[in-house]
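Understanding the architecture of this molecule
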Amino acid sequence: MAEASRWHRGGAPKPKLHYRKEVEIRTTLQELSLYFIFLINLCILTFGMVNPHMYYLNKVMSSLFLDTSVPGDERTNFKSIRSITDFWKFMEGPLLEGLYWDAWYTNKTLYNLKNSSRIYYENILLGVPRVRQLKVRNNTCKVYSSFQSLMSECYDKYTSSNEDTSDFGLKQETEWKYSTPNSSSPWHWGFVGVYRNGGFIFTLSKSKSDTKNKFINLRLNSWITRGTRVIFIDFSLYNANVNLFCIIRLVAEFPATGGMITSWQFYSVKLLRYVSHYDYIIASCEITFCIFLIVFTTQEAQKIREFKSAYFKSVWNWLELLLLVLCFVAVSFNIYCNIQIFLLLEDLLKNTEKYSDFYFLAYWYIYYNNIIAITIFFAWIKNMFLAIINDTYSEVKADYSIGRRPDFELGEMIKKSYNNALEKLRLKKPQKDEDNKGKGDLAEQARREGFDENEIQSAEQMKKWKERLEKKYYSSEIQDDYQLVTQQEFRELFLYAVELEKELHYVSLKLNRVMRRISALQ
């Protein structure tokens, strides 16, 4: 009774008047600010891993090995070769000249032959290049009986089951003997097949003349046969001026239809991450990224523990989990690449006469960049969603500034923001138009069913009172809050109660008439 009398008199409010919903909105704003800092940090990490020198290094190397013409035929280069003869011309011409730079343009010797070649005088050839081919066995396909007298051999397209693993030719060096594939290296996806590692492999010499004699010997002894399906040429460079590795792969595929299809891959990547002062700034961003990852993971774990199965019913919660998974994968890739680079460089410095397989590092590094790109894409989607919420918060803040209590819940605010976004994109009609149309339809329907005009107006007036009073005084979440009631508002509440009593009396009379009619029918 004391509570009711104080409400009736409009007594003094309690000192501890606070709004839980305001706290929820402030929390959302804090999350938006924190997430925006995380997004800036992620952008710095993403764009800090690339620089314009990557493009120029790729351009210079592709021009050297792809566009240089073979001797005596300016129209033939690696891009345009279509026969085995042209392939050997490329190997003994542009490839050989492009790999070995041991003299200045004045023919003065610059480097000791025991050291690595300096391509364009600035790019160190790491280790030695490697050449390998994959073959298929004879009789891997079937010749039609009418043509068996004309063609007794048949070589199908490359598959791992069709691969030829038997030694051939001179059967002396590694190029004539099959080498088993390395399980850690990725397969290559070509134009006409997917090729695994291993095959018939040989490495080039540090000496240009020895390498040329090697090519001539292989050509004269038919190293390329009818069963050959692909040849890979792999080598890696390092430019200390810009701290970039360039991993190069030239591919010549020999389809079962005959001819040759060439392709290439040039990957300029920054494998040595921490050299300059700018690199240490990126390192600090990486540490910050890991801290954010731990904080976000803890928050999501608390939400799952609090809401249990209901947590997984929200699309945005699934987006949060997807971002966390992508971030953990990116961190794992980064740690793995750094460890492998450290081990590989140490092995390279011990033995410069060996091929250094940087290709698998570049392969995983490209996947790492792709994961980061996907992560930042979904991160910006979430940022746009939070920005829409923040736009609605600015309207709420204006209500607080003039002393009015906000008459909405956080879920309703998010729903309203979502509807506003759909209306701006013209994917949904404005809500006001739909509400007005719905009200008009109900009134028209009531008139068609024979209701009196005074009854319709009275019902609409009661509905307005009900909505206004519920908006101000009712909350499903806050049970201990109350508002001051003015005399005008109390009068409206009293009139609403009187009209409601009249309506109940009217309904009761109708029910009595209906019951009497039912009794009469029985």
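Calculation rules
- Residues numbered from 1 in each chain as written.
- Predicted model: local features only at pLDDT ≥ 70, side-chain atom pairs only at ≥ 80, totals over all residues.
- Heavy atoms only, no water.
- Patch = residues over 30% accessible without salt bridge, like charges linked within 9 Å, V, L, I, M, F, W, Y side chains within 5 Å.
- Areas by Shrake-Rupley, 256 points an atom, 1.4 Å probe, with all protein chains shown as cover.
- Salt bridge = Lys/Arg side-chain N within 4 Å of Asp/Glu carboxyl O.
- Lys, Arg positive; Asp, Glu negative; His and termini not counted.
- Charge placed at Lys NZ, Arg CZ, Asp CG, Glu CD.
- Helix = DSSP H or I, 4+ residues; strand = E, 2+ residues; numbered from the N terminus.
- Buried < 20%, exposed > 50% of the residue type's maximum accessible area, 1.4 Å probe, protein only.
- Disulfide = S-S within 2.5 Å.
- Expected span 1.5 Å × (residues − 1).
- Arc of directions from axis to C-beta.
- Contact = heavy atoms within 4.5 Å.
- Polar contact = N/O pair within 3.5 Å; in protein donor to acceptor, adjacent residues only side chain to side chain.
- pLDDT = per-residue confidence, 0-100.

Taken together, Lys510, Arg513, Arg516 and Arg517 make up a surface patch of like positive charges. Position of lysine 510 relative to the elements: it lies in helix α12 (residues 487-521). Classification of lysine 510 as partly exposed rests on a relative accessible area of 33%.

Formally, a disulfide is one covalent bond, and it connects the sulfur atom of one cysteine to the sulfur atom of another. All chains considered together, the criterion is met by one disulfide. Between cysteine 141 and cysteine 154 runs a disulfide, and the two sulfur atoms are separated by 1.6 Å. Measuring handedness by torsion sign, the sulfur bridge of cysteine 141 and cysteine 154 sits at about -115° and is left-handed. Residue cysteine 141 is found in the loop between β2 (123-135) and β3 (188-189), and its partner cysteine 154 is found in the loop between β2 and β3; the two are separated by 13 residues along the sequence. Judged by its relative accessible area of 25%, cysteine 141 is partly exposed. Take cysteine 290: it sits in no disulfide, and the sulfur closest to it among the cysteines is that of cysteine 327, at 9.6 Å.

Every α-helix winds through 3.6 residues per turn, so residues three or four apart in the chain are directed the same way. With 15 residues, helix α3 (residues 52-66) extends 21 Å between its outermost C-alpha atoms, agreeing within 8% with the 21 Å of an ideal straight helix rising 1.5 Å per residue. Buried residues of α3: Met54, Leu57, Met61, Ser62, Leu64, Phe65 and Leu66, and no others. Angularly, the buried residues of α3 cover 160° about the axis, an arc narrow enough to put them on a single face. Across from the buried face of α3, at angles greater than 90 degrees, the exposed residues are Pro52, Tyr55 and Tyr56. Summarising the contacts, the buried residues of α3 are in contact with α4 (84-99), β1 (118-119), β2, β6 (228-239), β7 (244-253) and β8 (261-269). The N-cap residue of α3 is asparagine 51: its side-chain oxygen and the backbone nitrogen of histidine 53 are 2.9 Å apart.

Summing up the model confidence of the protein chain, the mean pLDDT is 78 and the portion of residues at 70 or higher is 72%. Here residues 397-410 scores under 50 on pLDDT; set against residues more than four positions off or in separate chains, the count is 23 contacts. Contacts of residues 476-482 to residues separated by more than four positions or lying in other chains number 15 contacts, the stretch itself having pLDDT below 50.

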